[in-house]
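Commentary on secondary and tertiary structure
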Amino acid sequence: MSHTITVLPGDGIGPEVMDVALEVLDAASAKFDFKISRSTHLVGGAALDATSNETPLPKATIEASEKADAILFGSVGGPKWENLPPHIQPERGALLPLRKHFGLFANLRPGSCLPALTHASPVKNELIPNGFDVLCVRELTGGIYFGEPKGREERNGEAVAFDTMVYKKSEIENILHVAFKAAMGRDKRLTSVDKANVLATSVLWRETANEIATQYPEVTLDHLYVDNAAMQMVKRPDSFDVLVTENLFGDILSDEMAMISGSLGMLPSASLGEVKDNGLYFGMYEPSGGSAPDIAGQGIANPIAQILSVSMMLRYSLGETIAANAIDTAAQNAIDLGLRTGDLFTGKNGETRVNTIEMGNAILEAL
Ligand code: IPM
Ligand code: MG
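Residues numbered from 1 in each chain as written. Chains lettered and ligands numbered in written order. Predicted model: local features only at pLDDT ≥ 70, side-chain atom pairs only at ≥ 80, totals over all residues. Heavy atoms only, no water.

Here's the deal with the site of ligand 1
Neighbouring ligand 1 are Glu91, Leu96, Arg99, Arg109, Arg138, Tyr145 and Asp251. At 2.5 Å, a side-chain N or O of Tyr145 approaches an oxygen atom of ligand 1. In the model, an oxygen atom of ligand 1 is placed 2.9 Å from a nitrogen or oxygen of the Asp251 side chain. Notes on ligand 1: free accessible area 320 Å², of which the protein chains cover 73%. Here the shell around ligand 1 gets three residues from one element, more than from any other, and that element is helix α4 (residues 90-101). Here the shell around ligand 1 is built from residues that sort into two nonpolar, no polar and five charged. Per-domain counts for the shell around ligand 1 show at least three residues from each of domain 1 (1-110 + 262-367) and domain 2 (122-260). (Near = heavy atom within 4 Å. Polar contact = N/O pair within 3.5 Å; in protein donor to acceptor, adjacent residues only side chain to side chain. Areas by Shrake-Rupley, 256 points an atom, 1.4 Å probe, with all protein chains shown as cover. Helix = DSSP H or I, 4+ residues; strand = E, 2+ residues; numbered from the N terminus. Nonpolar A, V, L, I, M, F, W, Y, C, P; charged D, E, K, R; others polar. Domains from an automatic or database assignment.)

Comments concerning the pairing of strand β12 (residues 281-287)
Every other side chain in a regular strand lies on the same face of the sheet, so the side chains alternate between the two faces. Most of β12 is tucked away: seven of the seven residues are buried. Burial along β12 is two-sided: the residues Tyr281, Gly283, Tyr285 and Pro287 and Phe282, Met284 and Glu286 are all buried. In this structure, strand β3 (residues 70-75) lies alongside β12, joined through three bridges in parallel fashion. Across the sheet, Leu72 pairs through a bridge with Tyr285, a residue of β12. Counting the residues between successive antiparallel strands, the hairpin from strand β11 (residues 268-275) to β12 contains five residues, one of them, Gly279, with a positive phi of roughly 85 degrees. (Buried < 20%, exposed > 50% of the residue type's maximum accessible area, 1.4 Å probe, protein only. Pairing = 2+ DSSP bridges.)

Details of the side chain of His3
Looking at the element boundaries, His3 is found in strand β1 (residues 2-10). Given the relative accessible area of 4%, His3 is considered buried. At 2.8 Å, the side chain of His3 forms a polar contact with the side chain of Glu320. Look past the residues within four positions of His3 in its chain and what remains in contact with it is Phe34, Lys35, Ile36, Ser37, Asp69, Leu318 and Glu320. (Contact = heavy atoms within 4.5 Å.)

Some words on the packing of aromatic side chains
Taken as a whole and assessed by the stated rule, the structure comprises four aromatic pairs. With a centroid separation of 4.9 Å and 25 degrees between ring planes, the pair formed by Phe102 and Phe282 is classed as stacked. Of this pair, Phe102 sits in the loop between α4 and β4 (106-113) while Phe282 sits in strand β12, placing them 180 residues apart in sequence. A relative accessible area of 16% places Phe102 in the buried class. In this structure, Lys100 is placed above the aromatic ring of Phe146, and the distance from its NZ or CZ to the ring centre is 4.6 Å. Sitting over the ring of Tyr145, Arg138 keeps its end group 5.3 Å from the ring centre. (Phe/Tyr/Trp six-rings, centres within 6.5 Å; stacked < 30°, edge-to-face > 60°. Lys NZ or Arg CZ within 6 Å of the ring centre and 35° of its normal.)

So, in structure tokens, the structure goes:
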């Protein structure tokens, strides 16, 4: 089998963790006998720098990605570009348009805390004796992020700004199917998060969730208001299996989930479009953590989130499930051996502090 991907390393720690992740991808392709043809393109601040601030998302990047099976994304943004006009800043000018252009409506953010890393979580150890493993499914191309009208104007001599939260029933159905299917492959429990005591979009959301549930009789569905969900997430994260929610709630809850997992450096994500006839998805795969400009260029970032993003890509877009599982196991192995990048290192007995390349080499070895 042969697959085509575009690689968009971006800014900050993106390029350095990407280098290591690509080595892991190459090793997996040699071991499990599939070919990857890949091209690297500019995105984010790196693209702004190369185009004299014309665009964070050059045409060549989009065109190459249109021809690919998947996008492997690093991270974008940093202080250098923070004062540019908002529409060309890396996040708003590259990340959101990429999601919209490719119809990547389903954002999967696994948030797990391995039993060996519970002491790194800000949640009290006794609340999560065995760690936890939650999958957050976030709607990614609708809601208040993209709703119209959106803007700012003068009314009676005063500045007024407004955003619109809007959902079509079909958009809610699409993301709920993704979430139910994900739950079917896990513990068959789905929590739908909304604000149905206040928002019209949430009333439609909850209604639709209950309807779709009849097609998945094996899955237990429950509903939580988003404010309550935020509390339960820190009180009993190990009680959740799959969470599904709209764009803005998902943005906030997935950060909360990431924080309590102990380190952002461990969490991958997948942004998927419609399922194709072959059961695979076009998708964009990126670490949840961002560009971490404070440690960029030092070679100390945790490459695991980027490596696990590779394995999500192999699973959802390339259909190389065995290779994906092998990479997950290899990463877990490095943790079990006590290897810790700075974000995970606590000085406990049995921990060895390593840098980006050393962590990558341990995972390559295990693979
Ligand atoms: C995320 C980020 C983005 C979002 C920003 C950078 C636009 O926070 O992927 O969660 O809000 O979706
Ligand atoms: Mg976010």
